[in-house]
Structures are given as C-alpha cells and as structure tokens.
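Structural description and commentary
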Amino acid sequence: AAFKLVQLNRKYGFLEKARSCLDLCAAPGGWLQVAQKHMPMNSLVVGVDLDPIKAIRGCITHQADITTERCRQLLRKEAK
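Residues numbered from 1 in each chain as written. Predicted model: local features only at pLDDT ≥ 70, side-chain atom pairs only at ≥ 80, totals over all residues. Heavy atoms only, no water.

Re the side chain of Asp49
Keep this limit in mind: Helix and strand assignments come from DSSP, with helices taken as H or I runs of at least 4 residues and strands as E runs of at least 2, each series counted from the N terminus. Polar contacts, as counted here, are pairs of nitrogen or oxygen atoms within 3.5 Å of one another; within protein the pair requires one atom able to donate a hydrogen and one able to accept it, and residues that are adjacent in sequence qualify only if both atoms are side-chain atoms. A contact between two residues is defined here by any heavy atoms of the two lying within 4.5 Å.
The topology assignment puts Asp49 in strand S2 (residues 44-49). Within the structure, Asp49 has its side chain in polar contact with the backbone nitrogen of Asp51 (distance 2.8 Å). The residues contacting Asp49, other than those within four sequence positions of it, are Cys25, Ala26, Ala27, His62, Gln63 and Ala64.

Brief notes about the environment of Gly47
Where we set the bar: We call a residue buried when its accessible area falls under 20% of the maximum for its residue type, exposed when it is over 50%, and partly exposed in between, using a 1.4 Å probe and counting protein chains only.
Mapped onto the secondary structure, Gly47 falls in strand S2. The exposure class of Gly47 is buried, given its relative accessible area of 0%. Taking C-alpha positions, Gly47 is 15 Å from Ala1, a pair spaced 46 residues apart along the chain. Apart from the residues within four sequence positions on either side, Gly47 is in contact with Asp23, Ala26, Leu32, Ile53, Ile60, Thr61 and His62.

Quick look at the structure:
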C-alpha cells in the first residue's frame, strides 16, 4: 500500500533527497507514483514486476523476472 511509503517519507524525508529508486515487484505501481511525485525532477524511478505495470509519467517500467540475468542487464542499462 502506497500510503505506507508516504508515511515513511513524512517521518524520514528520504525521497526528496533521492536520485534513484528501484521498486522490485512493483505492480500495480502505487509506490512508483509516490516516488515520482516526491523525488527531484530528474530522478531515475524504475519498477520491475512479472505482471505488466501501466505507464506512469516519469517512471521506467519493465515486465521481467527479478531473479534472471536478463532483468539484471535491463537494470544495469537503465542505471547508466
């Protein structure tokens, strides 16, 4: 539930200072939306899940198995 991330961010204020966010098992995308909203404009926000994730403006999403080498390659490519 995305509200938990909102609560944690209110308490600790970590998203406003973050440059990147990786959300594993990200579907349906609620945490991605919260991260994108609270992080600086040029931050990298990436989500990965076996299930498709609807497009979220300012976020990059991949449908992949996080336990595979293919997924690690996708993430390395995004991090460059």
